[in-house]
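Summary of structural features
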Amino acid sequence: MHSIEMNSAAQQQTAPTPIARRLAVLVLLTINALLLPKNASAFQTSTPKQHRRFNAAVHYGNDKVSIGSNDIMSHLLLQPRRLSSSTTTSTSLHFFGKKQEEEQDKELDVISNDDDDDDDNKNIFSKAWPTLKIALPSFLVGGIATLCVLFLPLLADYYEAFHSFNTPSDIYNTDSTSKTAASNGKLNNNINQPVILFETILNDLNDAYVDDVDIQKLFETGVKAMTASLDPYTEFESRTEAAELEESVTGRYGGVGLVIRGGTNLAEAAKEDGIVLEQPVDSAASPLSGGNDSSNNRKQQPRNALKPPVASSKDADEDEEDIEITERKRARRKSMEDGVRVVSAFEGYAYDAGMRVGDKLLAIDDFDILPTTSPDEVRNHLRGDPGTEVQVKFLREGEGGKVNEPQTITLKRAVVHIPDVKYFGYVGDPRDGIGYIDLSGFANDAGREVRFAIKALQHGSELMAMKDGDAPKPNEDGLFVHDPTKLKGLVLDLRSNPGGLLTSAVDVATLFVPNGSDIVSAKGRGFPEILYRSKTDPILSPNTRLAVLVNDQTASAAEIVSGAIQDLDVGVVVGKGRTYGKGLVQNVQDLPYQTALKYTVAKYYTPSGRCIQSTVYEEGGRGDDLLTSTSEEKGGPKFKSKKVADKDRTVFYTAHGREVKDGGGVEVDYKVEPQKASPLEIILLSSGTYSDYAAEWSKTHELTDQFSVDESTYKDFQRFVEQKQADGDLKLEVFYDSQLKELSKKLKASKFDSSKRMLESLRADIIKDVKKDFKTYKTEIIEDLEQNILARYLPDSMLIERGLQSDIQVLETAKMLKDGNEFDSLLARDQKSVEKGLLSNAVGDSSIDTASSVTPEPKLQTRW
């Protein structure tokens, strides 16, 4: 063992380094290229023509040396005494030259002239062969040299990986990588070493792991863990995820226009949980089997669970676990009974064909939907090439007491366009001229849709003015001119808008900001600094008051639009507090095998120069505290994050000199508290209780034009909720259930029986307090119930329009725009503020046209 270590050390001292080996190869290649003959004819051999000339010269007794280079040695050996000294010297001087060939051509032209004419027409390849003999070797030498330069570093790394385990280049040693990088002052970014190691690990696991392994799943797990250590937006997208990402970007897909929901694959879930699924009585599928003995029906304790102060009671633990298993089985059974149902039917597609919310899908063409069928399988059968037809068999729960009977409808697949503008119209009396646009995303057509909505609202306001006798005035040519000022105000609703594409955000902002205004800029380590500037006049008139409605879920591209409008003082931002605060740019890079990588490439900055990113992310994973970074409490080796402190936020100024800050999203200019949702409302909505009651209501009622939830319906709904609670299908204490269960286990383990009884009393008190919300929030619950019942009959646009009538934030914003005094005071201008603001800033030249027809550079599929 000692001799082996000494030999290894000696080899390390005498063996050349990888850089030295690579330089040596490059030097040899260079010397070889320099020593090549400069005259190309040096590589030539005798051609068939020269052979004929040589034979002719011998035949006629020519005593001169007039032979090809390939036959010179043999000719010299055959006739050594026929060479004079001058002839020898001439041969040595012109062996690689052209003089000898010229002399041969002159002497033999008469002899072989006739044969040459025939051979020139017949032997084209023979003429090109000397040139090819030069080009082919040169091409091969150059290709080999290029391949060596490209792959020699990788081969050297492979050699080091498997033959130099203890060299200093080994980055995976006992010391922390972060410590090594900190001591060296730079990161070791040799990408070949991790690639080789990752490939080796996968090969070893695939070849020798005790059981069969899914290499694809292992790879995705490893890559997703790697990207998760950077920030929450950097992700590897599998084939399915990449397709869904593409749909969200384009806003289009081939299908019928249905949104469906259902449980996960229940058969697989039952196998994983060890639960025996019981077949529902009314299901047509064959009974399912699953589960093993009771030993497999044990829920494992988390590794970081706190140990009880005394020995735990096995019986108590088993009782708790049995209750949890029973609850899971009930949830699985309910999911099987519900099946796959329609959540939304798009107008212009499935809705127009007759599909409605709540319909239970039974079959797609010849594909029967079983209790264990997942929504993904159903979706794959519904989608297909545009123009093809698909038959959908569904069950609609009886209307007005009718008997339930399956129905079959034929839907035609089309390129389904998912609109970003869900609704546009007027708030309150249309004659007030206060428009409203609900913008839910930023896909490719967001700018076009918002433009169309603004034009439609402006035209509608003009028509209203004409009806009131305010006819438009003709111009000098006697033509009536479009008057956009009839639209007095506009509410752009960006609440819960998660963002989208960069180009779409710029297109939307261009509709509101003045010509020549900066909209957004971006820069990153490998991302070219770029500025987007408006080059077109805004569609919205400067005399139209603009308000942007936001909340804490307004993010990304929606923050670009709201930030530009605020910084340029063309409108006010309305909401409760501030937006989400995502100031990062992601690029979507297509990868082989129809996968994709979405990763952060830059930060963006509003026109005032501020970055509204509210959280600072740092690379996590294997750090100084390996145990902590991989603990289950932190969800594995994830990124590190911290909020930007208020003291670290920098002040910037808008165009009119108003103060705004970076590092915390876009703060609102005009505060309006949203309608508060009670715990009971959230529980009923998240559990699907509203929609369940709507289905029951539709069995015994018919919708009328004067529909409303009266007192008897409301009491019936309360009884419905209490029955679901008694059956165990609804937990009114769900917000506190996990904490109560954990505390109950600890009290049992500690044998604190009196405290355990107090805990059960606490649970009952919580349920009683939640039920009080039926009275406290009666108006809000009735509105929610009406919306869910109407959702089974009306399209989304009509539901949004109806919901605006009770939306406090929308109504208060419209009131502010109608009055105008508060709006004008928020955007008041004075000379002192202008000197501080953007209006005094010099405009640079590094801008990009933001007209919708221009594609900005760089050509990245960026998501903001």
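Refer to the preceding data block for the structure.
Here the residue numbers are simple positions, counted from 1 along each chain's written sequence. A pLDDT threshold of at least 70 governs which residues receive local features in this predicted model, and a stricter bar of 80 or more applies before side-chain atom pairs are shown or counted, although totals over entire chains, interfaces and linings include all residues. Each side-chain value is worked out from all heavy atoms of the structure, with water and hydrogens disregarded.

As a further point, take the overall build of the chain. Secondary structure summary: the chain contains 30 helices and 25 strands in total. Counting only residues that meet the buried cut, the chain has 38% of its 864 residues in that class. Residue contacts follow a heavy-atom distance rule, with two residues in contact if any of their heavy atoms lie within 4.5 Å. Here the analysis covers contacts within the chain between residues at least 6 apart in sequence; of these, 73% occur between residues at least 24 apart. The helix and strand labels rest on DSSP assignments: H or I over at least four residues marks a helix, E over at least two residues marks a strand, and numbering proceeds from the N terminus. Each residue is assigned to one of three classes by its accessible area relative to the maximum for its type, calculated with a 1.4 Å probe on protein chains only: buried under 20%, partly exposed between the two thresholds, exposed over 50%.

A few words on the sheet that holds strand β15 (residues 545-549). Pairing between strands is defined by DSSP: at least two bridges between them are needed. The strand order across the open sheet formed by 6 strands is β10-β11-β12-β15-β16-β23, and the pairing between neighbours is mixed. Each having just a single partner strand, β10 (421-426) and β23 (670-671) make up the two edges of the open sheet. Each axis is a line fitted through C-alpha atoms, taken for helices only over the stretch in contact, and angles between the N-to-C directions span 0 to 180 degrees. Most of the contacts of helix α18 (residues 557-567) go to β15, to which it runs at about 140 degrees, and overall it touches β12 (489-493), β15 and β16 (572-575). The sheet strands contacting helix α28 (residues 808-819) are β11 (434-439), β12, β15, β16 and β23, and the helix crosses β15 at an angle near 160 degrees.

This next bit is on the pattern of salt bridges. What makes a salt bridge here is a side-chain nitrogen of Lys or Arg within 4 Å of a carboxyl oxygen of Asp or Glu, nothing more. Summed over all chains, the structure comprises 29 salt bridges. The residue Asp692 makes a salt bridge to Lys724 at a minimum N-O spacing of 3.4 Å. Taken together, the positions of Asp692 in helix α21 (residues 689-700) and Lys724 in helix α22 (residues 711-726) put the pair 32 residues apart, joining distant regions of the chain. Across this residue pair, the class does not change: Asp692 and Lys724 are buried. Because the salt bridges share partners, they merge into one network encompassing Lys731, Glu733, Asp737, Lys741 and Arg763.

Let us look at the packing of helix α23 (residues 734-750) against helix α24 (residues 753-771). Where α23 meets α24, the closest approach of the two axes is 9 Å, and the angle between their N-to-C directions is 170 degrees. Judged on the interaxial angle alone, α24 and α23 are roughly antiparallel. Crossing angle aside, the handedness with which α23 passes α24 is left-handed. Judged by residue contacts, Tyr736, Asp737, Leu740, Lys741, Leu743, Ser744, Leu747 and Lys748 of α23 engage Ser755, Lys756, Leu759, Leu762, Arg763 and Ile766 from α24. Each residue gets one of three labels, nonpolar for Ala, Val, Leu, Ile, Met, Phe, Trp, Tyr, Cys and Pro, charged for Asp, Glu, Lys and Arg, and polar for the others, Gly among them. Here the contact of α23 with α24 is composed, by residue class, of 7 nonpolar, 2 polar and 5 charged. Between 65 and 115 degrees an angle is taken as roughly perpendicular, under 35 as roughly parallel, over 145 as roughly antiparallel, and anywhere else as oblique. Crossing handedness is read from the near helix: turned anticlockwise from the far helix by less than a right angle, it gives a left-handed crossing, and turned clockwise, a right-handed one.

Quick look at helix α20 (residues 679-686) now. Listed as buried for α20 are Leu680, Glu681, Ile683 and Leu684. Seen along its axis, α20 keeps its buried residues to an arc of 165 degrees; they face one direction. Counted as exposed and oriented over 90 degrees from the buried face of α20: Leu685 and Ser686. Residues of α20 that are buried in the fold lie against α21, α22, α23, α24, α25 (773-776) and α26 (778-790). One or two residues past the end of α20 sits Gly688, with phi positive at roughly 75 degrees. The directions considered for the arc run from the helix axis to the C-beta atoms.

Our next topic: the side chain of Arg413. Tracing the chain through its elements places Arg413 in the loop between β8 (407-412) and β9 (414-417). When charges are counted, Lys and Arg contribute as positive and Asp and Glu as negative, whereas His and the chain ends are disregarded. Notably, Arg413 is buried but unbridged: the nearest opposite-charge side chain belongs to Asp365, and the N-O separation is 4.5 Å. Here a polar contact is recorded for every N or O atom pair within 3.5 Å, except that within protein the pair must consist of a potential hydrogen donor and a potential acceptor, and residues adjacent in sequence are included only if both atoms are side-chain atoms. A polar atom in the side chain of Arg413 sits 3.4 Å from the backbone oxygen of Arg383. When near neighbours in sequence (up to four residues on either side) are disregarded, Arg413 contacts Gly255, Val256, His381, Leu382, Arg383, Gly384, Asp385, Pro386, Gly387, Thr388, Glu389 and Val390.

Another point: the pairing of strand β5 (residues 360-364). Most of β5 is tucked away, with 4 of its 5 residues classed as buried. With 4 bridges joining them, β5 and strand β7 (residues 389-395) adopt antiparallel strand pairing. Counterpart to Ile364 in the pairing with β7 is Val392. Note: β5 against strand β6 (residues 367-368), 2 bridges, orientation antiparallel. Across the sheet, Ala363 pairs through a bridge with Asp368, a residue of β6. Counting the residues that bridge the hairpin from β5 to β6 gives 2 residues, and of these Asp365 lies at a positive phi of roughly 55 degrees.

So, about the nonpolar core. Ranked by internal contacts, the top residues of the largest apolar core, which has 49 residues, are Ile437, Phe442, Val450, Ile454, Leu494 and Phe512. Sorting elements by how many residues they give to this core places α18 first, with 6 residues. Filtering out sequence-adjacent residues up to four positions away, Ile454 remains in contact with Ile437, Leu490, Leu511, Phe512, Ile539 and Leu540. Side-chain atoms within 4.5 Å link the members of a nonpolar core, which is a set of buried Ala, Val, Leu, Ile, Met, Phe, Trp, Tyr and Cys residues. Grouped together as the second largest cluster of nonpolar side chains are 31 residues, Tyr693, Trp697, Phe720 and Ile766 included.

Quick look at a nonpolar patch on the surface now. A cluster of nonpolar residues, Leu197, Ile201, Leu205, Tyr209, Val210 and Leu218, forms a patch on the protein surface that exposes about 520 Å² of accessible area. Considering every element that reaches the nonpolar patch, the biggest residue donor is helix α9 (residues 192-208), with 3 residues. Structurally, Leu197 is set in helix α9. On the accessibility criterion, Leu197 (34% relative accessible area) is partly exposed. Without a salt bridge and with relative accessible area above 30%, a residue can belong to a patch; like charges are then joined within 9 Å and nonpolar side chains (Val, Leu, Ile, Met, Phe, Trp, Tyr) within 5 Å. To be clear on the numbers: accessible area is Shrake-Rupley with a 1.4 Å probe, and residue cover counts the displayed protein chains and nothing else.

Quick look at the packing of α21 against α22 now. Running from N to C, α21 and α22 point in directions that differ by 120 degrees, and their axes come no closer than 11 Å. Compared by their axis directions, α21 and α22 come out oblique. When the axes of α21 and α22 are compared, the crossing they make is right-handed. The residues of α22 that touch α21, namely those facing Thr689, Tyr690, Asp692, Tyr693, Glu696 and Trp697, are Thr713, Asp716, Phe717, Phe720, Val721 and Lys724.

Attention shifts here to the environment of Leu790. Relative to the elements of secondary structure, Leu790 occurs in helix α26. A C-alpha to C-alpha distance of 8.9 Å links Leu790 and Phe707, two positions 83 residues apart in sequence.

Put simply, two rings from Phe, Tyr or Trp (the six-membered ring, in Trp's case) pair if the centres are within 6.5 Å, and we call them stacked under 30 degrees between planes, edge-to-face over 60, tilted for the rest. Taken as a whole, this structure holds 13 aromatic pairs when the rule is applied. With a centroid separation of 5.4 Å and 70 degrees between ring planes, the pair formed by Trp697 and Phe707 is classed as edge-to-face. In this pair, Trp697 sits in helix α21 while Phe707 sits in the loop between α21 and α22, placing the two residues 10 residues apart along the sequence. Comparing Trp697 with Phe707 shows no difference in burial state: the two are buried. We call a charge positioned over a ring when the NZ of a Lys or the CZ of an Arg lies within 6 Å of the ring centre and within 35 degrees of the ring normal. Positioned over the ring face of Tyr233 is Lys582, at 4.7 Å from the centre of the ring.

For the rest of this paragraph, the subject is the side chain of Asp737. For Asp737, the location among the structural elements is in helix α23. Overall, Asp737 belongs to the buried group, its relative accessible area being 10%. Only 3.1 Å separates the side chain of Asp737 from the side chain of Arg763, close enough to count as a polar contact. Contact partners of Asp737, with chain neighbours within four places excluded, come to Lys731 and Arg763.

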